[in-house]
Amino acid sequence: MFDLSFWELAVILIVAVIIVGPERLPSLAYKAGQWVTKVRRFVANAKAEMESEFNTGELRKLLNTQEEEMQKLRQLVEQTRQDVVQEHSLLVKAMDENLRPLEEAAEPSAKPAPGTEPASKAQALPTGPRTIEDDMRALSEELGETFQRPNFGGESEARAPQPTPSTAKNA
């Protein structure tokens, strides 16, 4: 333990005989032996308690079990993520397929072939931005009726009425 050689022990024994005296030396050696025995027992007990408290085998088992469960959860999360991405792409594709006919219907019709003209002015789409008045004028011409913009109380009643296309033709 302390790795003392024979000569070192002899020197310690000689110093102890000189300091303590030959009559008390045996009782001192006995007490030192008891203390060494107590220290050894204490260290052995502490070591055993530490082994039982920190049982590395059980901890390793527990860690391995938790690692396996975490790996399963990671696989589940990855599978779920792939499913969501796949469903998202299918949903986007379905929406694109369903919106395509609506977009085609909303787009202006293709330019008429050379030499052909639209059946009426209402079918020919203006190239600039359309206003409500343009739409009302086109409807008036198509149906042959006079339409006026409704007044919801936001504009003054005293305002002079705007001539409509049908009244302008008659004048």
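A brief look at the structure comes next. Treat the numbers as computed from the prediction; the structure is a model and nothing was measured. (Residues numbered from 1 in each chain as written. Predicted model: local features only at pLDDT ≥ 70, side-chain atom pairs only at ≥ 80, totals over all residues. Heavy atoms only, no water.)

## As for the overall build of the chain
Basically, it comes down to this: Counting from the N terminus, the helices are the DSSP runs of H or I reaching at least four residues and the strands are the DSSP runs of E reaching at least two. Relative accessibility under 20% of the residue-type maximum defines a buried residue, over 50% an exposed one, and the middle range a partly exposed one, all with a 1.4 Å probe and only protein chains included. In this description, accessible areas are obtained by the Shrake-Rupley approach with a 1.4 Å probe, and a residue is regarded as covered only by the protein chains that are shown.
Within the chain, the regular secondary structure consists of five helices and zero strands. Secondary structure elements of the chain, listed N to C terminal, follow the sequence α-α-α-α-α. Within the chain, the fraction of its 171 residues that count as buried is 5%. Total accessible area computed for the chain in this model is approximately 16,000 Å², and 61% of it derives from carbon and sulfur atoms.

## Observations regarding helix α1 (residues 6–20)
Applicable threshold: To estimate the expected span of a helix, count its residues, drop one, and scale the result by 1.5 Å.
In this model α1 runs 21 Å from its N-terminal to its C-terminal C-alpha over 15 residues, within 8% of the 21 Å that 1.5 Å per residue would give. Looking one or two residues past α1, Gly21 carries a phi angle of roughly 105°, positive in sign.

## Side note on the pattern of salt bridges
Threshold: For this document, the term salt bridge refers to a Lys or Arg side-chain nitrogen within 4 Å of an Asp or Glu carboxyl oxygen.
Counting across every chain of the model gives three salt bridges. Between Glu78 and Arg81 there is a salt bridge, with its nearest N and O atoms 2.7 Å apart. Highlighted residues: Glu78 and Arg81, both in helix α3 (residues 56–106), separated by three residues, approximately one helical turn. For Glu78, a relative accessible area of 33% puts it in the partly exposed group. A residue is classified by how much of its surface remains accessible, and Arg81, at 46% relative accessible area, is partly exposed. A salt bridge links Asp134 to Arg137; the nearest nitrogen and oxygen atoms lie 3.1 Å apart. Placement of both Asp134 and Arg137 in helix α4 (residues 132–143) is noted, with a separation of three residues, approximately one turn of the helix.

## Side note on a negative patch on the surface
Which entries qualify depends on this criterion: Residues enter patches when they are more than 30% accessible in relative terms and free of salt bridges; like-charged ones are connected within 9 Å and nonpolar ones (Val, Leu, Ile, Met, Phe, Trp, Tyr) within 5 Å. Note on charges: Lys and Arg go in the positive column, Asp and Glu in the negative column, and His and the chain ends are not counted at all. Charge positions come from single atoms, namely NZ of Lys, CZ of Arg, CG of Asp or CD of Glu.
A cluster of like negative charges, contributed by Asp96, Glu97, Glu103, Glu104 and Glu107, occupies part of the molecular surface. Mapped onto the elements of the fold, Glu104 is located in helix α3. Here Glu104 falls in the exposed class, since its relative accessible area comes to 52%.

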